[in-house]
Amino acid sequence: MHDYQREFIELTLARDVLRFGEFTLKSGRVSPYFFNMGRIDSGAALARLGRAYAAAAVRSGVAFDMLFGPAYKGIALAAATAIALADGQGRDVPWAYNRKEAKAHGEGGTLVGAPLKGRVLIVDDVMTAGTAVRESLDLIRAQGAEPAGVLIALDRQERGQGELSAAQEVAAQFGIPVIAIASLADVLTYAGERPELAAEHERLLAYRAEYGVKG
Ligand SMILES: O=P(O)(O)OC[C@H]1O[C@H](OP(=O)(O)OP(=O)(O)O)[C@H](O)[C@@H]1O
Ligand SMILES: O=C(O)c1cc(=O)[nH]c(=O)[nH]1
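Residues numbered from 1 in each chain as written. Chains lettered and ligands numbered in written order. Predicted model: local features only at pLDDT ≥ 70, side-chain atom pairs only at ≥ 80, totals over all residues. Heavy atoms only, no water.

## A short note on the UniProt feature "binding site: orotate" (unreviewed entry) in the protein
Taking the numbering used here, the UniProt-annotated feature "binding site: orotate" (unreviewed entry) corresponds to F34, F35, T128 and R156. The named residues occupy 123 residues along the chain; their greatest pairwise C-alpha distance, 10.8 Å, places them in one compact cluster. From the list above, the largest pocket is lined by F34, F35, T128 and R156. Assignment of secondary structure puts F34 in strand β2 (residues 30-35). On the basis of relative accessibility, which here comes to 27%, the residue F34 falls in the partly exposed class. Sequence-distant contacts of F34, defined by excluding residues within four places in its chain, comprise V17, L18, R19, F23, L25 and R156. Relative to the assigned elements, F35 resides in strand β2. Its relative accessible area of 5% is what places F35 among the buried residues. (UniProt positions renumbered as here; feature names shortened; annotations may be inferred. 1 Å grid on protein atoms, 1.4 Å probe; cavity = no way out; pocket = protein on both sides within 12 Å on 5 of 7 lines; lining within 4 Å. Helix = DSSP H or I, 4+ residues; strand = E, 2+ residues; numbered from the N terminus. Buried < 20%, exposed > 50% of the residue type's maximum accessible area, 1.4 Å probe, protein only. Contact = heavy atoms within 4.5 Å.)

See the structure below:
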């Protein structure tokens, strides 16, 4: 685990983004931990998070022309990343997002922001079973644009449709990189180093044995 990953996990624990307990996920899985980006609820915290995403995008070396944030939480994340790229990295890239429900009045439709074209980097919070990312990939390709990669804060490293992790499946099927600031393996390492998180560490291991990638 790199220093920036340890710092990122500490930031998410300090802000209550990363919590231990019992949570039902979009996939229906019941998880002993949850990553709630909704807790990044101040301007300074969001700016810091945007800088972490922008740094990860640049560090990855992935070539992209624009950002796309899936509703809902991906919207704020793509916005924060676009701002950080412009302010901190000198890159003014277009960005767009979708609505979960199509708007029937005004400009209408589900897509908002820059037209989807060129190489599109998807920006979201977590990947579990990969449903949200696959929906975004469909949207991007339906517009004739090209997915460039997926940028997330946390790869939960859970099985997707087969035995590989959702991130591995997406990477293999679409030939794109999945860039995560941290992964379940990092959370496990972090929890394993702290005696006060011993019970949580055990529950994480049991959950990984059920839903994680084998081996
Ligand atoms: O890999 P998956 O199994 O798709 O799960 C991860 C997705 O689930 C959540 O979105 P959700 O639509 O539940 O919530 P939001 O509206 O708060 O973004 C999360 O923000 C990811 O987009
Ligand atoms: O799989 C999900 O639905 C999910 C997991 C998680 O850790 N955080 C989140 O917002 N959604």
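Following the structure, the description resumes.
## As for the site of ligand 1
Around ligand 1, 14 residues are found, and the nearest of them are K100, D124, D125, T128 and G130. T128 has a polar backbone atom sitting 2.8 Å from an oxygen atom of ligand 1. Contacts to ligand 1 include A132, whose backbone N or O atom sits 2.8 Å from an oxygen atom. The protein chains hide 84% of the 500 Å² of surface that ligand 1 would expose on its own. With respect to the detected pockets, ligand 1 is housed in the largest pocket. When residues of the shell around ligand 1 are traced back to their parent elements, those giving at least two are β6 (119-127) and α4 (131-142). Per element, the largest residue contribution to the shell around ligand 1 is four residues, and it comes from β6. Here the residues of the shell around ligand 1 are counted per class, giving six nonpolar, three polar and five charged. (Near = heavy atom within 4 Å. Polar contact = N/O pair within 3.5 Å; in protein donor to acceptor, adjacent residues only side chain to side chain. Areas by Shrake-Rupley, 256 points an atom, 1.4 Å probe, with all protein chains shown as cover. Sits in = over half its atoms within 2 Å of the grid points. Nonpolar A, V, L, I, M, F, W, Y, C, P; charged D, E, K, R; others polar.)

## Description of the packing of helix α2 (residues 43-60) against helix α3 (residues 73-89)
Across the interface, α2 lies against α3 with an axial gap of 7 Å and an inter-helix angle of 75 degrees. The pairing of α2 with α3 is recorded here as roughly perpendicular in orientation. Along its contact with α2, which presents L46, L49, G50, R51, Y53, A54, A55 and V58, the element α3 presents A76, L77, A80, T81, A84, L85 and Q89. Of the residues assigned to the contact of α2 with α3, the class counts are eleven nonpolar, three polar and one charged. (Axes fitted to C-alpha atoms, helices over the stretch in contact; angles between N-to-C directions. Parallel < 35°, antiparallel > 145°, perpendicular 65-115°, else oblique.)

## Focus on unusual backbone geometry
Put simply, A71 and Y72 share a cis peptide bond, and its omega is -10 degrees. In this structure, D16 is a non-glycine residue whose phi angle is positive, near 65 degrees. Positionally, D16 belongs in the loop between α1 (3-14) and β1 (18-24). A relative accessible area of 34% places D16 in the partly exposed class. One non-glycine residue, Q157, lies in the positive phi region at around 55 degrees. In this fold, Q157 is placed in the loop between β7 (146-155) and α5 (166-174).

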